[in-house]
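Topology and contacts: notes
So you can see what is in the structure, the chains are spelled out below.
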Amino acid sequence: PTGRSSDLFPSHDSGLQAGESTDVRVILPEDYSIPAWRNQEALYNVYIHEVQAVTRPPLDESFPMRVGLGQSLEEMSQQLYEQILQENQALWVEAAREAVVKSVATRAAVTIPEALLEAEQTSAWEHSDGRFLKQQGLTDDLIEKAYQFWMEQENIRAECYWNLKVALVLRAIAQKENIQLSPEELQADLAEQIEPEV
């Protein structure tokens, strides 16, 4: 499996030295980038190239300048406050967009042809598992078996169905209102209808 090791392995002192290796078994998370591998056990062979230690700088008056957050502890606190505020506002806007789109798409009556759903599922396969397995040099027979397994996964099918439904609903709204926007721009436009109260 591919992915950032920091997302999968807990930080701990393994006692291993540079030049040594070990096997690590993990259960891939529910939000893993490849849907078919979510909640599955994966075996990683980890080779230790280098061992480093993190040394924390002293929390004195020079700390803000060392980390590029102003000239004093007061300036650092203010910058951190503004940064956290901006991040939280961005998260709120994104959550609002998703909530609006989900609400509209859930209530919409949309019929998705079986052929279109299968094409969407195949496209998702080609951009994730399919591409990865071909890069590994597996035989066509093994790749075909993996593809059939992918197509039988109900969670992947449901995700593809939802993605298609959202795309079709957004397209219908844009056509009805004569809006020339991308799906992302349309979501932003819908989200503006529910501004936060200050």
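This report concerns the structure included in the present document. Computed from a predicted structure; not experimentally measured.

Rules and cut-offs
- Position labels on residues start from 1 in each chain and follow its written sequence.
- Per-residue local features are limited, in this predicted model, to residues with pLDDT of at least 70; the limit for side-chain atom pairs, both in listing and counting, is 80 or more; totals at the level of whole chains, interfaces and linings are taken over all residues.
- With hydrogens and water excluded, all non-hydrogen atoms of the structure serve as input to the side-chain values.
- The term nonpolar core refers to a set of buried residues drawn from Ala, Val, Leu, Ile, Met, Phe, Trp, Tyr and Cys, joined through side-chain atoms within 4.5 Å.
- Note on exposure labels: buried denotes an accessible area under 20% of the residue type's maximum, exposed denotes more than 50%, and partly exposed covers the range between, all computed with a 1.4 Å probe on protein chains only.
- Strands here are runs of E lasting at least two residues and helices are runs of H or I lasting at least four, both read from the DSSP assignment and numbered beginning at the N terminus.
- Salt bridges are identified by distance alone: a Lys or Arg side-chain nitrogen within 4 Å of an Asp or Glu carboxyl oxygen.
- Two residues qualify as a contact provided that any one of their heavy atoms is within 4.5 Å of a heavy atom in the partner residue.
- Here, axes are lines fitted to C-alpha atoms. For helices the fit covers the stretch in contact, and angles between N-to-C directions go from 0 to 180 degrees.
- Any angle from 65 to 115 degrees is called roughly perpendicular, while one under 35 is roughly parallel, one over 145 is roughly antiparallel, and all others are oblique.
- Two helices crossing with the near one rotated counterclockwise from the far one by less than a right angle form a left-handed crossing, whereas a clockwise rotation gives a right-handed crossing.
- Throughout this entry, Asp, Glu, Lys and Arg are counted as charged residues, while Ala, Val, Leu, Ile, Met, Phe, Trp, Tyr, Cys and Pro are counted as nonpolar. The remaining residues, Gly among them, count as polar.
- Buriedness for pockets is judged along seven lines, at least five of which must meet protein on both sides within 12 Å for an open set on the 1 Å grid over protein atoms alone, while cavities are sets there where a 1.4 Å probe fits but cannot get out, and lining residues have an atom within 4 Å of a point.
- Grid points are joined across faces, edges and corners, and a volume is the space filled by probe spheres set on the points.
- The span expected for a helix works out to 1.5 Å for each residue beyond the first.
- Planes of paired rings set the category: under 30 degrees apart is stacked, over 60 is edge-to-face and the rest tilted, where pairs are Phe, Tyr or Trp rings (Trp by its six-membered ring) whose centres lie within 6.5 Å.

Here we look at the nonpolar core
Generally speaking, nonpolar side chains in soluble globular proteins are found buried as a group. Leu28, Tyr32, Trp37, Tyr44, Trp125 and Trp150 are the most contacted members of the largest nonpolar core, which totals 20 residues. Of all the secondary-structure elements, those providing two or more residues to this core are strand 2 (41–47), helix 4 (114–126), helix 5 (129–135), helix 6 (140–151) and helix 7 (154–176). The element that contributes the greatest number of residues to this core is helix 6, accounting for four residues.

Remarks on the pattern of salt bridges
Counted by the stated rule, this structure contains six salt bridges. For Asp141, the salt bridge goes to Lys145, with nearest N and O atoms at 3.7 Å. Pair noted here: Asp141 and Lys145 are both in helix 6, with a separation of four residues, about one helical turn. By relative accessible area, which is 47% here, Asp141 ends up partly exposed.

Quick notes on the side chain of Thr122
Tracing the backbone through its elements, the reader meets Thr122 in helix 4. When its relative accessible area of 18% is taken as the criterion, Thr122 is described as buried. Setting aside its immediate chain neighbours within four residues, Thr122 contacts Tyr147 and Met151.

Considerations on the environment of Ser128
Within the element layout of this structure, Ser128 appears in the loop between helix 4 and helix 5. Each C-alpha atom, one on Ser128 and one on Pro35, is 8.7 Å from the other, the two residues being 93 residues apart in sequence.

Comments concerning the packing of helix 4 against helix 7
Look at helix 4 against helix 7: their axes get within 9 Å of each other, and the N-to-C directions meet at 110°. Overall, the two elements helix 4 and helix 7 adopt an arrangement that is roughly perpendicular. Here helix 4 runs over helix 7; the crossing is right-handed. Residues Glu114, Leu116, Leu117, Glu120, Gln121 and Ala124 of helix 4 pack against Ile156, Arg157, Cys160, Tyr161, Asn163 and Leu164 of helix 7. A breakdown of the residues in the contact of helix 4 with helix 7 according to their chemical character gives seven nonpolar, two polar and three charged.

Focus on the layout of surface pockets
Of the voids in this model, the second largest pocket is the one considered here, and its volume is about 150 Å³. Lining the second largest pocket, in full, are Ser33, Pro35, Glu120, Ser123, Ala124, Ser128, Trp150, Ile156, Glu159, Cys160 and Asn163. Mapped by element, the contributors of at least two residues to the lining of the second largest pocket are helix 4 and helix 7. No other element matches helix 7, which puts four residues into the lining of the second largest pocket. Classifying every residue of the lining of the second largest pocket by side-chain character gives five nonpolar, four polar and two charged.

Details of helix 7
For helix 7, with 23 residues, the first-to-last C-alpha span of 33 Å sits near the 33 Å given by 1.5 Å per residue. When helix 7 is considered as a whole, its buried residues turn out to be Ile156, Cys160, Leu164, Lys165, Val166, Val169, Leu170 and Ala174. Just past helix 7, the residue Asn178 takes up positive phi, approximately 55°.

A word on the packing of helix 3 (residues 73–107) against helix 7
Here helix 3 crosses helix 7 at 95°, and the two axes come no closer than 9 Å. Classified by the angle between their axes, helix 3 and helix 7 sit roughly perpendicular to one another. Here helix 3 contributes Val101, Lys102, Val104, Ala105 and Thr106 to the contact with helix 7, which in turn contributes Trp162, Lys165, Val166, Val169, Leu170 and Ile173. Its residues assigned to classes, the contact of helix 3 with helix 7 comprises eight nonpolar, one polar and two charged.

Regarding the packing of aromatic side chains
The relation between two aromatic rings is expressed through the spacing of the ring centres and the mutual angle of the planes. The final tally for this structure, using the stated rule, is two aromatic pairs. With 5.6 Å between their ring centres and 65° between their planes, Trp125 and Tyr147 make a pair best called edge-to-face. Separated by 22 residues along the polypeptide, Trp125 in helix 4 and Tyr147 in helix 6 bring together distant segments of the chain. Among the residues examined, Trp125 registers a relative accessible area of 5% and is labelled buried. Of the residues examined, Tyr147 reaches a relative accessible area of 16% and is grouped as buried. Counting every residue linked through ring pairs, the aromatic cluster contains Trp125, Tyr147 and Trp150.

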